[in-house]
Amino acid sequence: MMKSFVMMFCSMTPLLLIIGLLPNLAFASSHNYGEALSKSFLFYEAQRSGYLPHDQRVQWRGNSGLLDGKASGVDLVGGYYDAGDNVKFGLPMAFTVTMMSWSIIEYGKQMGESGELSNAIDAVKWGTDYLLKAHPEPNVLYGEVGDGTTDHYCWQRPEDMTTSRAAYRIDPSRPGSDLAGETAAAMAAASIVFRNSNPAYAKELLTHAYQLFEFADKYRGKYDSSITVAQKYYRSVSGYADELLWAAAWLYKASNKEYYLNYLGENGDALGGTGWSMTEFGWDVKYAGVQTLAAKFLMQGNAGNHAPVFEKYQEKAENFMCACLGKGNQNIHKSPGGLIFRQRWNNMQFVTSASFLATVYSDYLASARKSLKCSSGTVLPSELLSFAKSQVDYILGDNPRATSYMVGYGNNYPRQVHHRGSSIVSVKKDPSFVSCRGGYATWFSRKASDPNLLAGAIVGGPDAYDNFADQRDNYEQTEPATYNNAPLIGVLARLHGGQSKYSQLLPVAIPQPKPDPEQKVTPAPASSTADITIEQKETASWVPKGKTYYRYSVIVTNKSAMTMKNLKLSIYQLYGSLWGLSKYGDSYVFPAWLNSLPAGKTLEFVYVHSASPATVSISSYTLV
């Protein structure tokens, strides 16, 4: 498990966006990002607690933690062990779910193309199923099962553990706004993932997210003041203000309710979202993530009357990006080999999180045809993506030691991982009981490689000078964590997918593979037909420098009983930018992440200009 860290805030000069283009990138690399992506999901299967499913691929693991919560009268079986121990910590687990979900929302198409989308969704659901159990009442949330003190005294595989499985909760008398806020964010983000494939489950998640946000906002306090056993391991140094904004951002993205957008606009200053320029992003400090999402909302044209506040969010987001690139006023330190370095204890968590933010922001800027202006000069979106790629390549072996810090990837990777399950022979191979202290004597002290391969795990990584010692007792460098991998899966999917022309400004419909049978071509010149309806509405307006701009939302609905493909729309009297469709000659077609519209489903696109609504008509489509 990972100890909390000292947060460093810094101030940086404001930045302005300028117009820029993203050139085509050639992802020439010796690394197989698809293989690394696949292995990442195996790591999550190795971290599972509870009853393992029939399709479990990591066979050296068995059922564990089957009585979790029973002493408290609640079912807390399931979820994830956070790192190399057997404790279930709610704050990092919820952050892991949020970041896995964000990765899918942005890059679900690429995961689908690599064959990993179903594994990604399964990984999210293993987490959300547990989080739903942990929230049995609107104002009650269980935030930890087990405790670090007794757990660290023992070295046992999860299937044998004899340590305390006490459950710890927050409620109105013992609040935890940071824990409740992060869990609300996780459920809101996950609801987007399941919106198409499992709408009832998505609705359930969103309902719990609403309740948790209200709980977090109404009963304010730090969770580690209520669950004190977490203080040595996941202390909330940043407090809860960032999680309140983080949760509001995700709830707005998931629900499109103005309440949460207004919350961001009205509380950005008071809760620090518009004031802090960050040089880190992780399970404790969410400001850079909030600022990145807020910048996206602004570029979408969603900020409305709060645009001045959201511009400040964006300014701080771009300070973070410039700091990552080493082109700001106060930059993130890098090792001689080029790895960003924050702290000696599990530094890799900051590498993967920063790489993810840089990747998505690169795509946001490119789709908005904008660039950064850092203190050292103009930065094209492609530079952000190149930065993220450089960090991933370092992790996978392009470093002074030629070591892969993903277990099982390449030929030279950590063999003595600080991880109880992987370091002790599988219970399926040798069911002999491993005692609490006997595990230290027999297995922890072994100088041999782990008997079980913890494939896909991202370990803590090297020090500030690229040095690394592959030793089981070197927990600062050899212990993995679920939140190391969660942001990385999105970057790996993006890099594996390569360069493509699509806008990341709109929510991605999680693609579902469909057969391609014989098609029926239907001409449709009218604006609506018996098969398709088109509805337009104005959703926002603002007046910069005396000129009024309008944001219009257009909903296209497949009213037929068949799947729609090859839709072509004609749009006239459009005088601004459009997001959510791809341009094809004089027509507009499905965006790159969507190749069909199932029966009864809708497609939304938006455009912004300073005129009345454009004329949208249907040119043609096919039903299959």
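Residues numbered from 1 in each chain as written. Predicted model: local features only at pLDDT ≥ 70, side-chain atom pairs only at ≥ 80, totals over all residues. Heavy atoms only, no water.

Per an unreviewed UniProt entry, the chain is named Endoglucanase, and its organism is Nicotiana tabacum. Looking at the chain in UniProt, the text filed under Catalytic activity (unreviewed entry) is "Endohydrolysis of (1->4)-beta-D-glucosidic linkages in cellulose, lichenin and cereal beta-D-glucans." (UniProt positions renumbered as here; feature names shortened; annotations may be inferred.)

This part takes up the state of the cysteines. Throughout the structure, instances matching the rule amount to 2 disulfides. Residue Cys154 pairs covalently with Cys436 via a disulfide, S to S 1.9 Å. As the torsion about the S-S bond is roughly -85°, the Cys154-Cys436 disulfide counts as left-handed. On the criterion of sequence distance, the pair formed by Cys154 in the loop between helix H4 (148–153) and strand E4 (167–170) and Cys436 in the loop between helix H14 (420–423) and helix H15 (438–444) is long-range, its members being 282 residues apart. We classify Cys154 as buried; its relative accessible area is 6%. The partner cysteine of Cys322 in its disulfide is Cys374, sulfur to sulfur 1.9 Å. The sign of the -85° torsion about the S-S bond sets the Cys322-Cys374 disulfide as left-handed. In this pair, Cys322 is assigned in helix H11 (residues 307–325) and Cys374 in strand E5 (residues 370–374), connecting sequence segments 52 residues apart. Taking the relative accessible area as the measure of exposure, Cys322 reaches 1% and is therefore buried. Using a relative accessible area of 3% as the deciding quantity, one classes Cys374 as buried. (Disulfide = S-S within 2.5 Å. Helix = DSSP H or I, 4+ residues; strand = E, 2+ residues; numbered from the N terminus. Buried < 20%, exposed > 50% of the residue type's maximum accessible area, 1.4 Å probe, protein only.)

Our next topic: the sheet that holds strand E14 (residues 602–609). Taking strand neighbours across the sheet as the criterion, the 4 strands line up as E8-E9-E14-E11 in an open arrangement whose pairing is antiparallel. Here the strands that pair on one side only, and so sit at the sheet edges, are strand E8 (532–542) and strand E11 (577–579). Here the average twist between neighbouring strands, direction ignored, is 20°. (Pairing = 2+ DSSP bridges. Axes fitted to C-alpha atoms, helices over the stretch in contact; angles between N-to-C directions.)

Let's shift gears to the sheet that holds E4. Sheet architecture is open: 3 strands sit in the order E2-E3-E4, paired in antiparallel fashion. Only two strands of the sheet have a single partner each, and these edge strands are strand E2 (88–89) and E4. Examined bridge by bridge, strand E3 (residues 141–145) and E4 share 4 bridges and lie antiparallel to one another. Across the sheet, residue Glu144 finds its bridge partner in E4, namely Tyr168. Contacting E3 and E4, helix H5 (residues 177–193) runs over the sheet at an angle of about 100° to E3. (Contact = heavy atoms within 4.5 Å.)

Segmentation of the chain into domains returns domain 1 (33–497) and domain 2 (528–623). Domain 1 and domain 2 are separated by 35 Å when their C-alpha centres are compared. Taken together, the contacts link 9 residues of domain 1 with 9 residues of domain 2. Between domain 1 and domain 2, a total of about 680 Å² is buried, with carbon and sulfur atoms accounting for 50% of that surface. When the buried area of domain 1 at its contact with domain 2 is split by residue, Lys109, Gln300 and Gly301 rank highest and sum to 46% of it. Linking domain 1 to domain 2 there are 0 salt bridges. (Domains from an automatic or database assignment. Buried area = accessible area lost by both parts, 1.4 Å probe. Salt bridge = Lys/Arg side-chain N within 4 Å of Asp/Glu carboxyl O.)

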